[in-house]
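Spelled out from the first residue to the last, the chains are:
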Amino acid sequence: MARERWGSRLGVILAVAGSAVGLGNFLRFPGLVAEYGGAFMIPYLISLVFLGLPLMWIEWTIGRYGGGFGHSTAPGMFHTIWQKNRFIKYFGVIGIFGPLVILIYYTYIESWLLGYSVFALTGKYAACDSFKSISGFLGEYLNGGGQSSVYFSSMLPAYGFFLITFVLNMLVIYFGIKGGIERACMWALPVLFILAIVLLVRVFTLGAPDPAKPENNVLNGLAYMWNPKWETLANPRMWMAAAGQVFFTLSVGMGVILTYSSYLQKEDDVALAGLTSASANEVAEVVLGGSIVIPAAFAFFGMSQQGTYSVESPFNLGFFAMPLLLDKLPMGNVLGFCWFFLLFLAGITSSISLAQPVVAFLEDEFNLTKKEAVIIFAIVIFILCQAVIFGGDAVIDELDFWAANFLIVIFGLIEIIMFAWIYGMDKAWTELHHGSDITIPRIYRLVIKYISPLFLLVVLGMWLCFKWWDTINFRKDGQLVGGIDSRLIVRIMLLLMFAILCLLVWAVWRRRGRQLQPDQPAGLADAAGQSQPGNAAQQETGQ
């Protein structure tokens, strides 16, 4: 079976950028800035330079290298790099498990955006004129209002939009790397940026909407975002949030970029491509996402209420504040559609990337056809999504914390160790620059090998100091959270899912060990230069 490849350099850059440009850019990032103020931008930019960019280059390089051996996912790639370690492939399972868990709740949230796009055009939430009413609208949409309903008597509309979103995701994956993912991102990303620019221009022309409160204006909103209060830099929770946001927004530490870059040719550039995709994401997040939501919310609601929206949930700014303020403007229904549809496009370009590692694992390691792999995956993920649909916020919170906050940091640390310490910094640096159109500053050799892992260890240490005890005891800021029974069930479910994936990896290598003879591969960066990556049949098959 011929291995899939990207159709063009632009296609793979847009696909990786599409994976990165997601709900975090337009919902999570503005919410964190609103919560912490301009000081948040300092740890955010530091995390970007010392964590985000190094990990982006690491994942592009490992992915291309592992793809040369016929592997599209982390277990096979890690085993290729460190064949003497029998257990390293099980650490690679995190690179399949993490995206799978995120996709379970991400797809459902994504479907809300499709529904809200329709509701904006039809004026469904036009009667909502307060935080309470717009919050009630979302509550009825997700749970139904019963006989006392104002907007929705049942959750059938929500389930219907979920089914549409789910089918769209599976169709894109079914048509493959070039015909599905690349094609979808080639049109979705430009449309997304056009919609965002339209909203940005409209926001920048708001001025001060309320003449009685001239201080509530767009310029002061931008000042709130970029003028730090230096005394708040000592807040360790802000540094943890900034590092987590960089991971989430760039899609590093998930295993997604490993899979996408595995479909590159061995001569394809990864240094410039990684930098370009990261830059596109930052434009979407800081220049567009932050500059749309923060100034608009500040102009309409002022600093205090904006902060109140974000502290309870960063998503409140996007789902509550933005529809309220856009609906007050001329052509508010069209602007509301632009807002929610750009979020939907950002969501779907990310969710298809989250699905690809599992599908690729089934194809590569079990020799399934694309159709067989997608059908199996669709059945499993559809069943798992029901827990989110009917389990409520507690289920989403648990899945989001373990997959999108904790595991991505752990996996990122493992990737750095594998790249710089196991494969070796000299060979890794040469591999990174093979076929490259740019030369990365040599200072990043030190950053990747020493500063980035130390940074991650500090982040993990802060989590252990400030959040570990609360997390395992179902507490937030010392207070018991709701839905403890649901949260406990989710944790048990996650452990079972991880164990099943480890069992599948064990079964694959056990079968391979019976069929193949071990062989020592040599990468592009090996000094001898006599052997190039081949296919999976050339791998060592230790258990």
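The coordinates are above.
Keep in mind that this is a model prediction, so the values were computed, not measured. (Residues numbered from 1 in each chain as written. Predicted model: local features only at pLDDT ≥ 70, side-chain atom pairs only at ≥ 80, totals over all residues. Heavy atoms only, no water.)

Asker: Is there a simple way to think about the side chain of N281 in this case?
Answerer: Turning to its location among the elements, N281 is positioned in helix α13 (residues 271-312). Assessed through its relative accessible area of 0%, N281 is described here as buried. Among the polar contacts made by the side chain of N281, one reaches the side chain of T249 at a distance of 3.1 Å. A polar side-chain atom of N281 sits 3.0 Å from a polar atom in the side chain of E282. The contacts of N281, once residues within four sequence positions are left out, are A20, V21, N25, T249 and L250. (Helix = DSSP H or I, 4+ residues; strand = E, 2+ residues; numbered from the N terminus. Buried < 20%, exposed > 50% of the residue type's maximum accessible area, 1.4 Å probe, protein only. Polar contact = N/O pair within 3.5 Å; in protein donor to acceptor, adjacent residues only side chain to side chain. Contact = heavy atoms within 4.5 Å.)

Asker: For this particular structure, what's the right way to read a nonpolar patch on the surface?
Answerer: On the surface, a nonpolar cluster with roughly 550 Å² of combined accessible area is contributed by I164, V167, L168, L171, Y174 and F175. Following the sequence through the fold, Y174 ends up in helix α8 (residues 156-174). (Patch = residues over 30% accessible without salt bridge, like charges linked within 9 Å, V, L, I, M, F, W, Y side chains within 5 Å. Areas by Shrake-Rupley, 256 points an atom, 1.4 Å probe, with all protein chains shown as cover. Salt bridge = Lys/Arg side-chain N within 4 Å of Asp/Glu carboxyl O.)

Asker: In this structure, what is going on with the nonpolar core? I would like to understand it.
Answerer: Soluble globular proteins: nonpolar side chains tend toward being buried together. Ranked by size, the top nonpolar core spans 201 residues in total, and within it F26, F40, Y141, I181, W339 and L399 carry the most contacts. When residues of this core are assigned to their parent elements, the largest contribution, 19 residues, is made by helix α15 (residues 332-366). Those residues within four positions of L399 in sequence are excluded, and the remaining contacts are V101, I104, Y105, V388, A404, V490, M493 and L494. (Core = buried A, V, L, I, M, F, W, Y, C linked by side-chain atoms within 4.5 Å.)

Asker: When you look at the packing of aromatic side chains in this model, what are you seeing that I'm missing?
Answerer: How two aromatic rings sit relative to each other is given by the distance of their centres and the angle of their planes. Evaluation of the coordinates by the stated rule reveals 50 aromatic pairs. Where Y65 meets Y423, the ring centres are 5.2 Å apart and the plane angle is 55°; that geometry is what we call tilted. On the criterion of sequence distance, the pair formed by Y65 in helix α3 (residues 41-67) and Y423 in the loop between α17 (393-422) and α18 (425-433) is long-range, its members being 358 residues apart. Assigned by exposure class, Y65 and Y423 land together as buried. Summarising the aromatic geometry, the rings of W112 and F319 are spaced 5.7 Å apart at their centres and angled 70° between planes, so their arrangement reads as edge-to-face. Here W112, found in helix α6 (residues 94-122), pairs with F319, found in helix α14 (residues 315-326); they are 207 residues apart in sequence, far enough to count as distant. (Phe/Tyr/Trp six-rings, centres within 6.5 Å; stacked < 30°, edge-to-face > 60°.)

Asker: How should I be thinking about unusual backbone geometry in this particular structure?
Answerer: Glycine aside, the phi torsion of most residues is negative, and most peptide linkages are trans. Phi at N367 is positive, roughly 55°, even though this residue is not glycine. Relative to the helices and strands, N367 resides in the loop between α15 and α16 (370-391). Residues other than glycine seldom take positive phi values, yet F474 does so here, at roughly 55°. Within the secondary structure, F474 sits in the loop between α20 (468-472) and β1 (475-476).

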